[in-house]
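Descriptive analysis of the structure
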Amino acid sequence: MAYRAPATQFLPAAARVSGGTAIAAGVLALVMGAYRAFSTFAYFSTVAVLGDAGSSYAAVRDMRNYATAAGVVSAIGTLALVVGAIRLFNRGLGGRGLITVGCLIAIADVVLMWISVMGWVDRLFGSGSIFGDQGLNISTGDVLAEAFSRQGPFIVVHLFITIGIPLLTVVLAYSKSTRRWCEAGRALSPYGPRPY
């Protein structure tokens, strides 16, 4: 019986480069893009609710302003993730940069949200504040301790998902195999190498 070589042996070397890491990065970017779209909607819904509630308190105005700015930045992150994923699927190296921008926005959103919430708690419930003068004096440390005692595992999982997955996506997007896959696609293009 004659030996038959596998079909991949007759393909150009560029066509045999695996795109597993690039595809994984693109899929994760699309999933995060969908989540960022939901976050954008939530931010602008918050703006609408706080606008209806009035702005007699400085803390409420600050929350509304924060939600407005965060909504705009979140929309930019959503667009960067989705467009970056599409470009990466088309073997465009520029998609990696867009994905990175979207991932950095996602991480910054989580960090700034935690900082902002703690600041709002202190402004609303701390001594000399709106509700603190009415006997509801709650410190930021009290809120953190209570949150971790009741929801510790959930908070850890949430932080892993919202920070760990964007970091993993950036690592996958900038891996050597992703670069090789993109460059191989450019070499195989009948229109010549693409500038992106």
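Residues numbered from 1 in each chain as written. Predicted model: local features only at pLDDT ≥ 70, side-chain atom pairs only at ≥ 80, totals over all residues. Heavy atoms only, no water.

**Here's the deal with the overall build of the protein chain**
For the protein chain, the count of helices and strands is 5 helices and 0 strands. Across the protein chain, helices and strands are ordered from the amino to the carboxyl terminus as α-α-α-α-α. Within the protein chain, the fraction of its 196 residues that count as buried is 34%. Working note: accessible area of the protein chain is about 11,400 Å², and carbon and sulfur atoms make up 70% of it. (Helix = DSSP H or I, 4+ residues; strand = E, 2+ residues; numbered from the N terminus. Buried < 20%, exposed > 50% of the residue type's maximum accessible area, 1.4 Å probe, protein only. Areas by Shrake-Rupley, 256 points an atom, 1.4 Å probe, with all protein chains shown as cover.)

**Looking at unusual backbone geometry**
Phi angles above zero are rare outside glycine, and Arg-91 is one such case at about 65°. Topologically, Arg-91 is positioned in the loop between α2 (58-89) and α3 (94-125).

**What about the nonpolar core?**
A general feature of soluble globular proteins is that nonpolar side chains tend to end up buried together. In this structure, Ala-25, Ala-29, Leu-81, Leu-88, Ile-99, Cys-103 and Cys-182 are the most contacted members of the largest nonpolar core, which totals 14 residues. Within the residue set of this core, elements represented by two or more residues are α1 (20-53), α2, α3, α4 (140-173) and α5 (176-188). At 4 residues, α1 tops the list of elements feeding residues into this core. When residues no more than four places from it in sequence are discounted, the contact partners of Ala-25 are Leu-88, Ile-99, Thr-169, Leu-172 and Ala-173. Core analysis: the next-biggest nonpolar cluster, separate from the first, contains 5 residues, Val-47, Tyr-66, Ala-67 and Ala-70 among them. (Core = buried A, V, L, I, M, F, W, Y, C linked by side-chain atoms within 4.5 Å. Contact = heavy atoms within 4.5 Å.)

**Observations concerning the pattern of salt bridges**
Side chains bearing opposite charge may pair, as long as their charged atoms lie close to each other. For the structure on display, the rule yields 2 salt bridges. Asp-109 is the partner of Arg-36 in a salt bridge, and the nearest nitrogen-oxygen pair spans 2.8 Å. Of the two residues, Arg-36 is situated in helix α1 and Asp-109 in helix α3; the sequence distance between them amounts to 73 residues. Between Arg-179 and Glu-183 there is a salt bridge, with its nearest N and O atoms 2.8 Å apart. Of this pair, Arg-179 and Glu-183 both sit in helix α5, separated by 4 residues, roughly a single helical turn. Residue classification places Arg-179 among the partly exposed residues on the basis of a relative accessible area of 37%. (Salt bridge = Lys/Arg side-chain N within 4 Å of Asp/Glu carboxyl O.)

**Thoughts on the confidence of the model for the protein chain**
Low pLDDT marks stretches whose predicted atomic positions should not be read closely. Scored by pLDDT, the protein chain has a mean of 80; 71% of the residues are at 70 or more. By mean pLDDT, the top-scoring element of the protein chain is α1 (91), and the lowest-scoring one is α5 (82). (pLDDT = per-residue confidence, 0-100.)

**Quick notes on the environment of Val-83**
Relative to the helices and strands, Val-83 is located in helix α2. As for Val-83 and Gly-95, which are separated by 12 residues in sequence, their C-alpha atoms are 7.2 Å apart.

**A closer look at the side chain of Thr-178**
When you line up the elements, Thr-178 lands in helix α5. Only 2.7 Å separates the side chain of Thr-178 from the backbone oxygen of Leu-172, close enough to count as a polar contact. Apart from residues no more than four positions distant in its own chain, Thr-178 is found in contact with Thr-21, Ala-22, Leu-88, Arg-96, Leu-172 and Ala-173. (Polar contact = N/O pair within 3.5 Å; in protein donor to acceptor, adjacent residues only side chain to side chain.)

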